Amino acid sequence: MTHFPNTDLTTSNRLHVAITGNIGAGKTTLAHRLAQHFGWRVFYEAVEGNPYLNDFYQDMARWAFHLQVYFLRSRYEQVLAIAGANQAIIQDRTIYEDAHIFAKNLHDTGLMSLRDYENYRGLFDLMLSVVQPPSLMIYLRADLPKLREQIRLRDREFERNISGEYLENLNRLYEEFTRNYTYGPLLTIDVNHLDFAHREEDWQFVLNEIEQRVRLENEEARRVGEAIERLEREGA
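Residues numbered from 1 in each chain as written. Predicted model: local features only at pLDDT ≥ 70, side-chain atom pairs only at ≥ 80, totals over all residues. Heavy atoms only, no water.

Peer 1: Hey, could you run me through the packing of helix H3 (residues 60-83) against helix H5 (residues 114-128) in this one?
Peer 2: Each pair of packed helices can be summarised by the angle the axes make with each other and by the distance between the axes. At a minimum axis distance of 11 Å, the contact between H3 and H5 shows a crossing angle of 5°. Judged by the inter-axis angle, H3 sits roughly parallel to H5. Along the contact surface, H3 presents Phe65, Gln68, Val69, Leu72 and Tyr76, while H5 presents Asp116, Asn119, Tyr120, Leu123, Phe124 and Met127. Considering only residue class, the contact of H3 with H5 consists of 8 nonpolar, 2 polar and 1 charged. (Axes fitted to C-alpha atoms, helices over the stretch in contact; angles between N-to-C directions. Helix = DSSP H or I, 4+ residues; strand = E, 2+ residues; numbered from the N terminus. Parallel < 35°, antiparallel > 145°, perpendicular 65-115°, else oblique. Contact = heavy atoms within 4.5 Å. Nonpolar A, V, L, I, M, F, W, Y, C, P; charged D, E, K, R; others polar.)

Peer 1: So what exactly am I meant to see when it comes to the packing of helix H4 (residues 95-108) against helix H7 (residues 164-179) here?
Peer 2: It is at 9 Å that the axes of H4 and H7 come closest, and there the two elements cross at 140°. Regarding the angle of H4 to H7, the classification is oblique. Our pair here, H4 against H7, has a crossing hand that is right-handed. On the side of H4, the interface is formed by Tyr96, Glu97, His100, Ile101, Phe102, Lys104 and Asn105, while H7 contributes Tyr166, Asn169, Leu170, Leu173, Tyr174, Glu176 and Phe177. (Left-handed = near helix turned anticlockwise from the far one by under 90°.)

Peer 1: How should I be thinking about H4 in this particular structure?
Peer 2: Note that an α-helix has 3.6 residues per turn; residues three or four places apart therefore point the same way. Helix length check: H4, at 14 residues, gives a terminal C-alpha distance of 19 Å against a target of 20 Å (1.5 Å per residue), a fit within 8%. A large share of H4 lies buried, amounting to 10 of its 14 residues. Taken as a whole, H4 has its buried residues at Ile95, Tyr96, Glu97, Asp98, Ala99, Ile101, Phe102, Ala103, Asn105 and Leu106. At the exit of H4 stands Gly110, carrying a positive phi of roughly 80°. (Expected span 1.5 Å × (residues − 1). Buried < 20%, exposed > 50% of the residue type's maximum accessible area, 1.4 Å probe, protein only.)

Peer 1: What is the right way to look at the layout of surface pockets in this model?
Peer 2: With a probe scaled to a water molecule rolled over the atoms, the places where space remains empty come into view. As a volume, the largest pocket reaches approximately 720 Å³. Together, 37 residues line the largest pocket, and Gly24, Gly26, Thr28, Arg154 and Arg156 are the ones closest to its centre. Counting only elements with at least two residues in the lining of the largest pocket, the list comes to helix H1 (27-38), helix H2 (53-58), H3, H4 and helix H6 (144-154). Residues of the lining of the largest pocket, tallied by class, amount to 18 nonpolar, 7 polar and 12 charged. (1 Å grid on protein atoms, 1.4 Å probe; cavity = no way out; pocket = protein on both sides within 12 Å on 5 of 7 lines; lining within 4 Å. Points joined across faces, edges and corners; volume = space filled by probe spheres on them.)

Peer 1: Would you take a moment to explain the packing of aromatic side chains for this structure?
Peer 2: The way to describe two aromatic rings as a pair is by their centre distance and the angle between their planes. Using the criterion set out here, one finds 12 aromatic pairs in the structure. Plain terms: the ring middles of Phe56 and Tyr57 are 5.1 Å apart, the flat faces sit at 65° to each other, and that makes the pair edge-to-face. Like Phe56, the residue Tyr57 is buried in the burial classification. Relative to Tyr183, the ring of Tyr96 has its centre 4.0 Å away and its plane inclined at 20°; by these criteria the two rings are stacked. With Tyr96 in helix H4 and Tyr183 in the loop between H7 and strand S5 (186-190), the pair connects residues that are 87 residues apart, well separated along the chain. Using a relative accessible area of 29% as the deciding quantity, one classes Tyr183 as partly exposed. Each member of the aromatic cluster is reached from another via a ring pair, and the members are Tyr52, Trp63, Tyr70 and Phe71. (Phe/Tyr/Trp six-rings, centres within 6.5 Å; stacked < 30°, edge-to-face > 60°.)

Peer 1: I tried to follow the side chain of Gln68 on my own but got confused; where do I start?
Peer 2: Mapped onto the elements of the fold, Gln68 is located in helix H3. A relative accessible area of 2% means that Gln68 is categorised as buried. Look past the residues within four positions of Gln68 in its chain and what remains in contact with it is Asp98, Phe102, Ala103, Leu106, Met112 and Tyr120.

Peer 1: Explanation requested: the environment of Asn119 in the structure shown.
Peer 2: Residue placement: Asn119 occurs in helix H5. The sequence separation of Asn119 and Phe65 amounts to 54 residues, and the corresponding C-alpha distance is 9.4 Å.

Peer 1: What is the right way to look at the sheet that holds strand S2 (residues 41-43) in this model?
Peer 2: Strand pairing in a sheet takes place through backbone hydrogen bonds and is either antiparallel or parallel in direction. Pairing within the open sheet is parallel, and its 5 strands lie in the order S2-S3-S1-S4-S5. At either end of the open sheet lies a strand with only one pairing partner, and these are S2 and S5. Sheet twist, expressed as the average angle between the axes of neighbouring strands with direction ignored, equals 20°. Bridge analysis of strand S4 (residues 136-141) against S5 gives 5 bridges, and the strand direction is parallel. The residue of S5 that forms the bridge with Leu140 is Ile189. (Pairing = 2+ DSSP bridges.)

Structure, rendered in structure tokens:
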């Protein structure tokens, strides 16, 4: 059972909330808003300044391994920073998705060789031995039309050539990943008809869902902890 330190989301220094979801689902926007609302420290995905993204979207097969190793290294740096942080954390995408979704998709579609994929998975499995899962994982579920519109609106040059097939493949793996997620608590929010960046009622809905789930998990963790302490006292 994941430990939740207390129910005060603005002062807890052991809370680690992570956001997962496809390209364009709204992870960065949500991470930013939650950080502002609660005063959490935010860890963004290493997109800006990434030396491989432009090349990757021009020639995926050539740059797949390089890009995935870059993301894996940057995500592991975040793992170490989060472990040493003495404040609540909100994270935009986690190390799990690198292997379970992006690298797997590249291998499954023939864009990453078996040799490179096995090398990559070896690095990931080695790093995973020291990874602490988030207190809560939030999955933003979005279908292709929503993703396409969000990608169009933010208009990043390197994302203009992303194919619908690539996004659909990622969505399929995201559904598989979240369906089988066992690292800790998971909250799924369907964002297909939400605009929490601009509509206050949508933002309040998302905020309420997250607050309720964190407090529910905290209460469950407290009950389990009390039960363990009672058993230890009875066995003493």
